[in-house]
Amino acid sequence: MKTLGDAWSWLTDSAHWAGDDGIWHRLTQHLVLTVVCLVLSCLIALPVALVLGHLGKGGALAVNISNVGRAVPTFAVLVLLLLTPLGTWGEGPTVVALVLFAVPPLLTNAYVGMRGVDRSVVQAARGMGMTGSQMLWRVELPLALPLVLSGVRIAAVQLVATATIAALAGGGGLGRIITAGFNLASTPQVVAGAILVAAFALLVEGAFEVAERFAPGWARGRGRTG
Amino acid sequence: MTAPPDDCLARNEWICGEYLSTRRQILLDAVVQHLQLTSLAVLIALVVAVPLAVLARRWGWAAGPVLALTTVLYTIPSLAMFSLLLPVYGLSASLVVAGLVLYSLTLLVRNILAGLRAVPEDTRQAARGMGYGPVRLLLTVELPLALPAAMAGLRIATVSAVSLVTIGAIVGFGGLGNLIYTGMNTYFKAQVLTASVLCVVIAVAADLLLLGVQRVLTPWERATRAVRP
């Protein structure tokens, strides 16, 4: 209990919120890092998954990439990239490692969503004379959207959690408060940092939960067939 | 002054046979620590998860809170989880194990519960009609039938735990993660690459081992698959 009290006084000390090592700065770094990586990984994973799902090819690939991704420690990838020439390029290694980490869930969910679209609906669309791209945009994607979005949600929450590891390799973000606490042998700061990181991750998860609840029906899958 | 040896260690190359032979003991110790942390955490998680899932299955109202709690725990970043447990366990291996247990719980409880729920009502009724009591029903009918789903969860939990152990390096108990961490600080390429590769090898080996265990434990799965056209 004493540690929690100390952590609380650390958190409420306004000196810890300002400046380059302050909480606000670290929070902004964390947020920017997460958003940039999420956008990049969506840009990479979603087109590939949608096209593969439309063509009905590469399912094993999508699933296997996802399994392999789980086995590779992000921390190891981060350090490996750091030691390559890429390491001199500021946040470069962190962004690459996080994007590699976020691509698998996006890819798998989007692919599974596309394949899960009722085949009879697709055949009806083909019967109506739709071209491949019309079918993709007007039929398959709207029906697959709930699963695609749930992939985005998983990726976003995991990115927030994993961006913390960047601090181990000297990167920015909220994890830095924890690693700095370890270097100073200051348990209150370590715990305070951990509380901040955990709260931030839960906040993002909660935000997605709320967004999902208030999203229009088509994004939630109310109109889903099958 | 003698000239420094001109081997791959001195040149700091990524792949280095010299490193493997000279640091064999360090690597071995790290692998052993990695395996111990992972297996201990997964075993404890399994021991906790099975009763939780069974309770959630038995009493429907318990399922919501159990799933919500384990999901919230899963959302907490690993670095934060290890740090939050710091006041409780101090800088120790139990800290890393406790963190990993909390992570594995989500995956295990979810999968075991899904497996239990998928047991057909007919089967349960039939067993009950044959005079099976609730305990015998659970042990000889429900749990075996839930095994494939539970094993799927166990495989995911184990593979994730192997890669999460590396974060334990922050408190000095990260198995191969320790080598990656020190290798990063000293710019020791061979050590970082070797430890990383070993991590992946352990994960893949553990996955294959569990797959084998699953095949041995569920012979009927293979039998029905062979009969189906």
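Everything numeric in this text was worked out from a predicted model, so none of it was measured. (Residues numbered from 1 in each chain as written. Chains lettered and ligands numbered in written order. Predicted model: local features only at pLDDT ≥ 70, side-chain atom pairs only at ≥ 80, totals over all residues. Heavy atoms only, no water.)

## Remarks on the interface of chain A and chain B
And step 1. Taken together, the contacts link 32 residues of chain A with 34 residues of chain B.
And step 2. Across the chain A to chain B interface the summed buried area is about 2900 Å²; carbon plus sulfur atoms make up 84%.
And step 3. Linking chain A with chain B are zero salt bridges.
And step 4. Counting the contacts that link chain A with chain B gives one residue pair in polar contact (both at pLDDT 80 or more).
And step 5. Looking at the side of chain A that touches chain B element by element, the count peaks at 10 residues for helix α9 (residues 187-214) of chain A.
And step 6. Here the residues of the side of chain A that touches chain B sort into 24 nonpolar, six polar and two charged. (Contact = heavy atoms within 4.5 Å. Buried area = accessible area lost by both parts, 1.4 Å probe. Salt bridge = Lys/Arg side-chain N within 4 Å of Asp/Glu carboxyl O. Polar contact = N/O pair within 3.5 Å; in protein donor to acceptor, adjacent residues only side chain to side chain. Helix = DSSP H or I, 4+ residues; strand = E, 2+ residues; numbered from the N terminus. Nonpolar A, V, L, I, M, F, W, Y, C, P; charged D, E, K, R; others polar.)

## Looking at the UniProt feature "transmembrane region" (unreviewed entry) in chain B
And step 1. Residues given the UniProt feature "transmembrane region" (unreviewed entry) here are residues 37-55, 67-89, 95-116, 162-181 and 193-213 of chain B.
And step 2. Helix makes up 100% of residues 95-116 of chain B and strand 0%, whereas the separation of the span's terminal C-alpha atoms amounts to 31 Å. (UniProt positions renumbered as here; feature names shortened; annotations may be inferred.)

## So, the UniProt feature "transmembrane region" (unreviewed entry) in chain A
Residues and elements named next belong to chain A.
And step 1. In the UniProt entry, the feature "transmembrane region" (unreviewed entry) is given for residues 31-56, 68-89, 95-114, 135-154, 160-178 and 190-208.
And step 2. Secondary structure content for residues 31-56 is 96% helix and 0% strand, and the end C-alpha separation is 36 Å.
And step 3. Annotation note: span residues 160-178, helix share 42%, strand share 0%, distance between end C-alpha atoms 15 Å.

## A word on the side chain of Ser160 of chain B
And step 1. Among the structural elements, Ser160 of chain B can be located in helix α9 (residues 134-164).
And step 2. Once you skip the residues sitting within four places of it in the chain, Ser160 of chain B turns out to touch Arg70 of chain A together with Leu107 of chain B.

## Things to note about the packing of aromatic side chains
And step 1. Tallied over the entire structure, the rule returns five aromatic pairs over all chains.
And step 2. When the centroid spacing of 6.2 Å and the interplanar angle of 50° are considered together, the rings of Phe75 of chain A and Tyr181 of chain B count as tilted. Placement of the pair is Phe75 of chain A in helix α4 (residues 74-83) and Tyr181 of chain B in helix α10 (residues 176-185), with the two residues belonging to separate chains.
And step 3. Of the residues examined, Phe75 of chain A reaches a relative accessible area of 1% and is grouped as buried.
And step 4. With centroids separated by 6.4 Å and ring planes inclined at 20°, the aromatic side chains of Trp59 of chain B and Trp61 of chain B adopt a geometry described as stacked.
And step 5. Using a relative accessible area of 45% as the deciding quantity, one classes Trp59 of chain B as partly exposed.
And step 6. Between Arg136 of chain B and the ring centre of Tyr132 of chain B, over which it is positioned, the NZ or CZ distance is 4.0 Å. (Phe/Tyr/Trp six-rings, centres within 6.5 Å; stacked < 30°, edge-to-face > 60°. Buried < 20%, exposed > 50% of the residue type's maximum accessible area, 1.4 Å probe, protein only. Lys NZ or Arg CZ within 6 Å of the ring centre and 35° of its normal.)

## So, the nonpolar core
And step 1. Counting residues in each nonpolar core, the largest one holds 98 residues, and the members touching the most others are Ile178 of chain A together with Leu100, Ile167 and Leu176 of chain B.
And step 2. Broken down by element, this core gets its largest block of residues, 14 residues, from helix α7 (residues 93-117) of chain B.
And step 3. With sequence-adjacent residues up to four places away left out, Ile178 of chain A is seen in contact with Val190, Gly193, Ala194 and Val197 of chain A together with Leu79, Ala80 and Ser83 of chain B. (Core = buried A, V, L, I, M, F, W, Y, C linked by side-chain atoms within 4.5 Å.)

## With respect to the pattern of salt bridges
And step 1. Throughout the structure, instances matching the rule amount to eight salt bridges over all chains.
And step 2. With a closest N to O distance of 2.9 Å, Glu209 of chain A and Arg153 of chain A form a salt bridge. Note that Glu209 of chain A is positioned in helix α9 and Arg153 of chain A in helix α7 (residues 132-163), a separation of 56 residues in sequence.
And step 3. In this structure, Glu121 of chain B and Arg124 of chain B form a salt bridge, with 3.2 Å as the shortest nitrogen-oxygen distance. Residue Glu121 of chain B and its partner Arg124 of chain B are located together in helix α8 (residues 121-129), separated by three residues, close to a single helical turn.
And step 4. Since its relative accessible area comes to 38%, Glu121 of chain B is described here as partly exposed.

## Structural notes on helix α3 (residues 59-71) of chain A
And step 1. Between its first and last C-alpha, α3 of chain A extends 19 Å over 13 residues, near the 18 Å set by a 1.5 Å rise per residue.
And step 2. In this structure, the buried residues of α3 of chain A make contact with α5 (92-115) of chain A together with α9 and α11 (189-217) of chain B. (Expected span 1.5 Å × (residues − 1).)

## A few points about the confidence of the model for chain A
All names here are of chain A.
And step 1. On average, residues of chain A score 86 in pLDDT, and 96% of them are at 70 or above.
And step 2. The secondary-structure element of chain A with the lowest mean pLDDT is helix α10 (residues 217-220), recorded at 67, while helix α2 (residues 23-55) shows the highest, at 92.
And step 3. Within the model, pLDDT remains below 50 along residues 222-226, and this stretch shows 10 contacts once partners closer than five positions in the same chain are excluded. (pLDDT = per-residue confidence, 0-100.)

## Notes on the environment of Ala155 of chain A
Residue and element names in this part refer to chain A.
And step 1. With respect to the helices and strands, Ala155 occurs in helix α7.
And step 2. In the structure, Ala155 is positioned 10 residues away from Leu145 in sequence and 15 Å away in space, judged by C-alpha atoms.
And step 3. When near neighbours in sequence (up to four residues on either side) are disregarded, Ala155 contacts Leu38, Ala102, Pro105 and Leu106.

## What to know about the UniProt feature "domain: ABC transmembrane type-1" (unreviewed entry) in chain B
And step 1. Using the residue numbers shown here, the UniProt feature "domain: ABC transmembrane type-1" (unreviewed entry) corresponds to residues 31-210 of chain B.
And step 2. What you have in residues 31-210 of chain B is 84% helix and 0% strand, and the ends, taken at the C-alpha atoms, are 19 Å apart.

## Some points on the state of the cysteines
And step 1. Counted under the stated rule, the structure contains zero disulfides over all chains.
And step 2. Note on Cys42 of chain A: no disulfide assigned, nearest cysteine sulfur contributed by Cys37 of chain A at a separation of 11 Å.
And step 3. Counting only cysteine sulfurs, Cys16 of chain B is the nearest neighbor of Cys199 of chain B, a cysteine outside any disulfide, at a range of 19 Å.
And step 4. Residue Cys199 of chain B is classed as buried on the basis of its relative accessible area, which comes to 0%. (Disulfide = S-S within 2.5 Å.)

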